[in-house]
Amino acid sequence: MRQRYQVKQPQRSRSYESDDEERGACEWCEYALVITLATILLIGVSALTVFWVIYYRDSYGWAETDPERQFNLHPTLMVAGFITFSGFSLLLYRICRCFRRIYVKLLHAIFHALAFPCIVIGFLAVLDFHNKKGINNFYSLHSWIGFVAMGLFGIQYAVGFFSFLLLLMCSKGTASFRASLVPIHAAFGILTFVLGVCACLTGLTEKALFTLGSETYSTLPTEGIVINAIGMSIVAVAILVLYTVRGTGGYRIRKVAQHPS
């Protein structure tokens, strides 16, 4: 009998170089433009928030005698955690084109690890501020959206760290499980980012109305312009990040799902 020999297929590279070869010149220009704009805005929105707090809100502090300055930590750290660090964490799979996937996963985890203390400290700052001022906690839509976003962020980080990093110690045995989890993890990651954006936008609006008052805010003072600029920057960041993750080569998640290692 004639023996049949199986021809071994070349092992697939675990970097993203094979996908890069599929891009044309126009796609590369689109990719470079969107990534550049998203990076500038991700850094700029945190810088603009710091400027707003220092210039208009009397900087930062953590003291019994000056709770208002303690509150200022809340918007700054929440924007840094939910928008800047989380946004970069999402974009890493599009920016780090020539890295091996394990390195991208580590960077993804590191950026979320940087976001985690920002979110926790920002939450504790506003919780302590409310207690000092005698304000009820979780009384507004902003607070509930933020609470849900924080819960999803914590669950996402725990599940992702266990499933996509720790389970790599048994890579072959857990490959199918990790492959099935990729689209779920990606979908909830995007949902968490969107909820973080909603929390920041509703929080900025709430702070502007409470601090400036509806009549003063409607006249659009300079502080109102800065607050609106922060809000519009967050909206632009959300659009660019989501478009980059899902729009420019949206086949990424499907391919990673097929080769999760």
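Identification of the protein chain as Cytochrome b561 domain-containing protein from Leptosia nina is taken from an unreviewed UniProt entry. The Subcellular location (unreviewed entry) field of the UniProt record for the protein chain holds the comment "Membrane". Taken from UniProt, the Cofactor (unreviewed entry) comment for the protein chain reads in full: "heme b".

Asker: Is there a simple way to think about the overall build of the protein chain in this case?
Answerer: Counting its secondary structure elements, the protein chain contains 10 helices and zero strands. The order of α-helices and β-strands along the protein chain, N terminus first, is α-α-α-α-α-α-α-α-α-α. For the protein chain, the residues scored as buried account for 44% of the 261 residues in total. Of the roughly 14200 Å² of accessible surface on the protein chain, 68% is carried by carbon and sulfur atoms.

Asker: Please clarify how the pattern of salt bridges should be interpreted in this entry.
Answerer: Two side chains bearing opposite charge may form a pair once their charged atoms approach each other closely. For the structure shown, the criterion picks out three salt bridges. For Lys132, the salt bridge is made with Asp128, and the minimal N-O distance between the two is 3.0 Å. In this pair, Lys132 and Asp128 are both assigned in helix H5 (residues 101-133), four residues apart and thus about one turn of the helix distant.

Asker: Help me out: how do you make sense of the packing of aromatic side chains in this one?
Answerer: Across all of its chains, the model carries 13 aromatic pairs by this definition. Consider the rings of Phe116 and Phe153, whose centres lie 6.4 Å apart with planes at 20 degrees: the pair is stacked. One end of the pair, Phe116, is in helix H5; the other, Phe153, is in helix H6 (residues 141-164), and 37 residues separate them in sequence. Judged by relative accessible area, which is 40%, Phe116 ranks as partly exposed. Clustering of aromatic rings is evident, with ring pairs tying together Phe123, Phe138, Trp144 and Phe147.

Asker: Before we go on, may I ask you to explain the state of the cysteines in this structure?
Answerer: Joining two cysteines, a disulfide is a covalent bond between their sulfur atoms. Applying the stated criterion to the full structure yields zero disulfides. Free cysteine Cys198: the closest other cysteine sulfur is in Cys200, separated by 9.4 Å. Residue class for Cys200 comes out buried when judged on its relative accessible area of 8%.

Asker: In this structure, what is going on with the UniProt feature "transmembrane region" (unreviewed entry) in the protein chain? I would like to understand it.
Answerer: Mapped onto the present numbering, the UniProt feature "transmembrane region" (unreviewed entry) falls on residues 31-55, 75-94, 106-127, 147-169, 181-205 and 225-245. Measuring from the first to the last C-alpha atom of residues 31-55 gives 35 Å, for a span that is 100% helix and 0% strand.

Asker: Explain the nonpolar core to me, please; I cannot follow it from the model alone.
Answerer: Proteins that are soluble and globular tend to have nonpolar side chains buried together. Formed by 41 residues in total, the largest nonpolar core has its most connected members in Phe82, Ile83, Ile234 and Val241. When residues of this core are traced back to their parent elements, those giving at least two are helix H2 (25-56), helix H4 (73-95), H5, H6, helix H7 (175-212) and helix H9 (222-246). In this structure Ile234 touches Val45, Val79, Ile83, Val197, Cys200, Leu201 and Leu204, once residues within four positions along its chain are discounted. By size, the runner-up hydrophobic cluster in this structure holds five residues, among which are Leu77, Ala80, Cys118 and Ala125.

Asker: Where do I start with unusual backbone geometry in this structure?
Answerer: The general pattern is negative phi for most residues beyond glycine and trans for most peptide bonds. Unlike most non-glycine residues, Ser59 shows phi in positive territory, near 65 degrees. Here Phe138, not a glycine, exhibits a phi torsion of approximately 55 degrees, which is positive. Here Phe138 is to be found in the loop between H5 and H6. The class of Phe138 is partly exposed, set by a relative accessible area of 28%.

Conventions and cut-offs
Residues numbered from 1 in each chain as written. Predicted model: local features only at pLDDT ≥ 70, side-chain atom pairs only at ≥ 80, totals over all residues. Heavy atoms only, no water. UniProt positions renumbered as here; feature names shortened; annotations may be inferred. Helix = DSSP H or I, 4+ residues; strand = E, 2+ residues; numbered from the N terminus. Buried < 20%, exposed > 50% of the residue type's maximum accessible area, 1.4 Å probe, protein only. Areas by Shrake-Rupley, 256 points an atom, 1.4 Å probe, with all protein chains shown as cover. Salt bridge = Lys/Arg side-chain N within 4 Å of Asp/Glu carboxyl O. Phe/Tyr/Trp six-rings, centres within 6.5 Å; stacked < 30°, edge-to-face > 60°. Disulfide = S-S within 2.5 Å. Core = buried A, V, L, I, M, F, W, Y, C linked by side-chain atoms within 4.5 Å. Contact = heavy atoms within 4.5 Å.

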